[in-house]
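Residue strings, one per chain:
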Amino acid sequence: MSDWVEIGRLSDIPQRGARCVDTPIGRIAVFRTAADEVYAIEDRCPHKGGPLSQGIVHGAQVTCPLHNWVFSLETGFAQGADEGAVRTFALKRDGERILMDASAILAAAAARIAAE
Amino acid sequence: MTQKLVVVGAGMASGRALEHLFEAAPGAFEVTLFGAEPRGNYNRIMLSPVLAGEKSYGDIVTHDAAWYAENGVACRFGETVTKIDRKRKVVVSKGSETPYDKLLIATGSAPFIIPVAGKDLPGVMAFRDLDDVNAMVEAARKPGAKAVVIGGGLLGLEAAAALKLRGMDVTVLHLMGHLMERQLDPAAGYLLKKELEGRGIKVHVKAQTKAILGDGRVEAVALEDGTIYPADIVVMAVGIRPETRIAVDAGLYVERGIVVSDQMVTSDPDILAVGECVEHENVCYGLVAPLYDMARVAAKTLIKEDAAFRPVETATQLKVTGINLYSAGDFADGDDREEIVLRDASAGVYKRLVLKQNRIVGAVMYGETSDGAWFFDMLRKGTDIAEMRETLIFGQAYQGGSPLDPTAAVAALPDDAEICGCNGVCKGKIVSAITSKGLTSLDDVRAHTKASASCGSCTGLVEQVMKLTLGDSYNPAAVQPMCTCTDLGHDDVRRLIKAKGLKTIPAVMQELEWKTSCGCAKCRPALNYYLVCDWPDEYADDYQSRFINERVHANIQKDGTYSVVPRMWGGVTNAAELRAIADVVDKFNIPAVKVTGGQRIDMLGVKKEDLPEVWADLGKAGFVSGHAYAKGLRTVKTCVGSDWCRFGTQDSTGLGIRIEKFMWGSWTPAKVKMAVSGCPRNCAEATCKDVGVICVDSGFEIHFAGAAGLDIKGTEKLGLVASEEEALEVIVALTQMYREQARYLERIYKWAKRIGYDEIRRQILDDKDRRKAYFDRFVFSQKFAQVDPWSERVSGKDKHEFKPMASVGFAEAAE
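It should be emphasised that the depicted structure is a prediction, and the values quoted were computed from it without experimental measurement.

A few words now on the overall build of chain A. When helices and strands are tallied, chain A shows one helix and ten strands. Across chain A, helices and strands are ordered from the amino to the carboxyl terminus as β-β-β-β-β-β-β-β-β-β-α. With the C-alpha coordinates aligned to their principal axes, the bounding extent of chain A is approximately 40 × 35 × 20 Å. Buried positions account for 54% of the 116 residues belonging to chain A. Taking as baseline every contact in chain A between residues at least 6 positions apart, the subset at least 24 positions apart corresponds to 41%. Averaging the locations of the 12 positively and 15 negatively charged side chains of chain A gives two centres separated by 4 Å.

Turning our attention to the sheet that holds strand S6 (residues 96-99) of chain B. Residues and elements named next belong to chain B. The strand order across the open sheet built from three strands is S4-S5-S6, with neighbouring strands paired in antiparallel fashion. Each edge of the open sheet carries a strand with a single partner, namely strand S4 (81-85) and S6. For this sheet, the mean inter-axis angle between neighbouring strands, taken without regard to orientation, is 25°. Judged from the four bridges that link them, S4 and strand S5 (residues 90-93) form a sheet pairing that is antiparallel. Bridging from a neighbouring strand, aspartate 85 pairs with valine 90 of S5.

Okay, the UniProt feature "domain: Rieske" (unreviewed entry) in chain A next. Here, UniProt's "domain: Rieske" (unreviewed entry) annotation points to residues 5-100 of chain A. Helix and strand shares over residues 5-100 of chain A are 0% and 42% respectively, and the end C-alpha atoms of the span are 5 Å apart.

The UniProt entry lists residues 419-466 and 482-531 of chain B under the feature "domain: BFD-like [2Fe-2S]-binding" (unreviewed entry), expressed in the numbering used here. Between the end C-alpha atoms of residues 482-531 of chain B the distance is 15 Å, and the span holds 52% helix and 0% strand.

The next subject is empty space enclosed by the protein. Under the counting rule described, the total for this entry stands at two cavities of 30 Å³ or more. Taken as a whole, the largest cavity encloses approximately 150 Å³ of empty space. Taken together, 17 residues make up the lining of the largest cavity; nearest its centre are Ala18(A), Arg19(A), Gln54(A), Lys608(B) and Glu801(B). Among the elements that make up the lining of the largest cavity, the one with the highest residue count is strand S2 (residues 17-22) of chain A (four residues). Per-class residue counts for the lining of the largest cavity are five nonpolar, five polar and seven charged. There is about 70 Å³ of room inside the second largest cavity. If you go around the second largest cavity, the residues you meet are Pro525(B), Asn528(B), Tyr529(B), Val532(B), Ser545(B), Arg546(B), Phe547(B), Glu550(B), Lys631(B), Trp667(B), Thr668(B) and Tyr744(B). Here the lining of the second largest cavity is built from residues that sort into six nonpolar, three polar and three charged.

Along its 14 residues, helix H1 (residues 102-115) of chain A runs 20 Å from first to last C-alpha, staying within 8% of the 20 Å computed at 1.5 Å per residue. Where H1(A) is buried, its residues contact strand S1 (4-9), strand S3 (28-32), strand S8 (88-89) and strand S10 (97-101) of chain A.

Right, let's talk about the pattern of salt bridges for a bit. Residue and element names in this part refer to chain B. Per the stated rule, a full pass over the model turns up 62 salt bridges over all chains. Across the pair lysine 193 and glutamate 197 runs a salt bridge, and its minimum N-O distance is 3.2 Å. Of this pair, lysine 193 and glutamate 197 both sit in helix H7 (residues 186-198), separated by four residues, roughly a single helical turn. Under the relative-accessibility criterion, glutamate 197 is labelled partly exposed at 36%.

Before going further, it helps to spend a moment on the packing of helix H1 (residues 12-24) of chain B against helix H9 (residues 288-302) of chain B. Residue and element names in this part refer to chain B. At a minimum axis separation of 8 Å, H1 and H9 run at an interaxial angle of 40°. Here H9 runs oblique to H1, going by the angle between their axes. Taken as a pair, H1 and H9 cross one another with a handedness that is right-handed. Across from Met12, Ala13, Arg16, Ala17, His20 and Leu21 in H1, the residues of H9 making contact are Val288, Tyr292, Ala295, Arg296, Ala299 and Leu302. Residues belonging to the contact of H1 with H9 are distributed by class as follows: nine nonpolar, one polar and two charged.

Attention now goes to unusual backbone geometry. Residues and elements named next belong to chain B. Of note in this structure, lysine 304 is not a glycine but carries a positive phi near 60°. Along the chain, lysine 304 falls in the loop between H9 and strand S21 (315-317). We classify lysine 304 as exposed; its relative accessible area is 67%. Residue glutamine 357 is not a glycine yet carries a positive backbone phi of 45°. Residue placement: glutamine 357 occurs in the loop between strand S24 (349-356) and strand S25 (359-366).

Turning our eyes to something else, we now look at the UniProt feature "binding site: [4Fe-4S] cluster" (unreviewed entry) in chain B. Residue and element names in this part refer to chain B. This chain's UniProt record puts "binding site: [4Fe-4S] cluster" (unreviewed entry) on Cys639, Cys645, Cys679 and Cys683. Spanning 45 residues, the named residues form one tight spatial group whose C-alpha atoms are at most 10.8 Å apart. Along the chain, cysteine 645 falls in the loop between strand S32 (633-638) and helix H21 (652-663). On the accessibility criterion, cysteine 645 (31% relative accessible area) is partly exposed.

Rules of the game
- Residues numbered from 1 in each chain as written.
- Chains lettered and ligands numbered in written order.
- Predicted model: local features only at pLDDT ≥ 70, side-chain atom pairs only at ≥ 80, totals over all residues.
- Heavy atoms only, no water.
- Helix = DSSP H or I, 4+ residues; strand = E, 2+ residues; numbered from the N terminus.
- Buried < 20%, exposed > 50% of the residue type's maximum accessible area, 1.4 Å probe, protein only.
- Contact = heavy atoms within 4.5 Å.
- Lys, Arg positive; Asp, Glu negative; His and termini not counted.
- Charge placed at Lys NZ, Arg CZ, Asp CG, Glu CD.
- Pairing = 2+ DSSP bridges.
- Axes fitted to C-alpha atoms, helices over the stretch in contact; angles between N-to-C directions.
- UniProt positions renumbered as here; feature names shortened; annotations may be inferred.
- 1 Å grid on protein atoms, 1.4 Å probe; cavity = no way out; pocket = protein on both sides within 12 Å on 5 of 7 lines; lining within 4 Å.
- Points joined across faces, edges and corners; volume = space filled by probe spheres on them.
- Nonpolar A, V, L, I, M, F, W, Y, C, P; charged D, E, K, R; others polar.
- Expected span 1.5 Å × (residues − 1).
- Salt bridge = Lys/Arg side-chain N within 4 Å of Asp/Glu carboxyl O.
- Parallel < 35°, antiparallel > 145°, perpendicular 65-115°, else oblique.
- Left-handed = near helix turned anticlockwise from the far one by under 90°.

Take a look at the structure:
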């Protein structure tokens, strides 16, 4: 069952920018592109843990602020020669409102607790 | 048996529905048509040409009295339906009741009026019907009358262009960053703005309306940023909302619009609805094509034939004479998407196709739109374009074209565009020297024109001019492009920004024919710096094109925390400052404190959320940002000098502080570190800095182009000056020359080596006029740069940067 909760409004995020959402599985970065698309990915670069929310957004990609790895916001995969991926999270738009599926977060958190 | 059909709303959707109905089943219904306007159906989307004076009302009437009579329609124009009584199946208007068997609601939409003070003043109007048009035409009769249009969407811009044609002084206020943001990307929005401004229409983007001012009648519009625009009329064109009041009162199911099925039937089986007042599968429509589809389906449903309305892709065109733009589909970026961008700077053309799995999903075109319908057709049909991928962007008529010409941007320059800034040589002079003197090599051109003979940063451009003039016989040396978004090198881009007067990132990308729509993490910060440097007063810094350190004014560390370095002028501090730092370290549990190589104190491991509070506390002690994160002036390191040292020859500490106070806040291509030593023993290590001063008895030796990082290099001596005054002027002028010429991220020592130490000496020491001009330009730019970024943020600027937007998935949040 999905549980869509509002995490903010489109205008809360600058175009070509990002904001963070705190969750039990760590921070999630929510991006807004120049074309007003929104994407959510794990706020942690698989290379050295850089906060991707702080990177420069270009098209539907972000460049990590620590060592310039580039990630697709849509698939979470590293671009170019780098290999790695971040987890992506589904978002829904309802007009200005941006919604995130809390049940997916809880499921991920539960899976992590089980694994530990 | 004849049924009674009552239609509420005499607009384009219901008009089209009636046409279909009478054609398919003449005489099946006895129709009564109510309309709030005192006239029949006219082509509302042609109101813009009427407002512009290009058409008359008569030209746009779709159904005249004869048509209504012929089809036996009882017209009740100017009569508003106030109520639907579903139980008795009658509609109520002005005290009379009209019975129906079937009811068609087509009440359209109402303009959205933004709720600001003064919105009800006379002179504030919408752009919806003929009465609005007549009121605007009337207002435009007054000579010199001023119109402010709120809303830079389709309707607002059509109104603005038309009012301008009527001779009014027109300003468009638009809330978003670029015009028509729902249909256009920033690149096309830039071209549109440029075109409108060329017609004399003022365009103010990111304009938040605060209030409409006036005493008894509208007089001006005030914005949140303090701007005030005088106005005789204010046209609100910020959007529409479905007109659903009678449907709500009648208890029909209404969300944003009146909810209808695929058959256009509302929650009451005898009531249908079409047009802008309806909502179908969560979508309300405002463009005419889907409304006509609804009309066709509603007519079929009324005569009990099968039909279904399906959501459709819509394309947008702006109906302003002389402006060609076209937008269709979804043009957002995405990883599984590719884009093809074609820019022709000289013709002002921008075309962008967004592809997904070899199918067109979006198209934006500006300047040249003749292939719009062709692209749109393939978009709707999902045509596989793999076969024509290479030539697709050139359009239908052009299959099999030549590759793009890399010299196009230079070809588009006018003859009087300056190519060589050092020697003031324009394009025309180079071309005429080549042709009249038969020049064939770069050295010849340099010898005869002096173009690129000084700093050499315009070499690439001079070579492109040569290639244009000499044709394929000339092969310029390969230039390293800035990034994969362009074929131009940094120097070419810098020269062209000046020569073409480009003042925004979208302007640079369009005029220099960028190959991507949004740039990348390499070119965007560089362009932002070039624009900040070249147009300090006019360019609005693009925050999202800055690296994180310059966005939050602290240094990001490996664990995502930040380090904070307050400015400590000349490396001098005192007990009060040290105490304040100690207090901040205690209060925020800052894990590490370190003295830097530049004689400053670094607090490491500060959490991002704490930054504004840390700055607030430091600010109370008098600290400002140390810019330890900036591509800008970092530190001026000093020794104690003649105040204390038995060898000191001058007040090196005082000069260091003076330089730092004069130059802090300036942005430079890469970081700039300076030092002042009070004697040749050089305790401040000035001879490995970007700029260093060695004080001697006779004055001040100015050094530059040292390095003590990736490379180690002693400085070059620029020269000796006698006074502190002169030392400051030389250092500032040198820095400004570097600011204007270097490539982004190029340190002074690399720049200086590239253009030659002698050339720098010639411009800064020998040529006093040029030195003064560099100095003056630096001073001018400092007027806009010397603002403490920390105190701005303590006061609330960019506060969104420092706080998470939300929490999700914690126990309490999931309840």
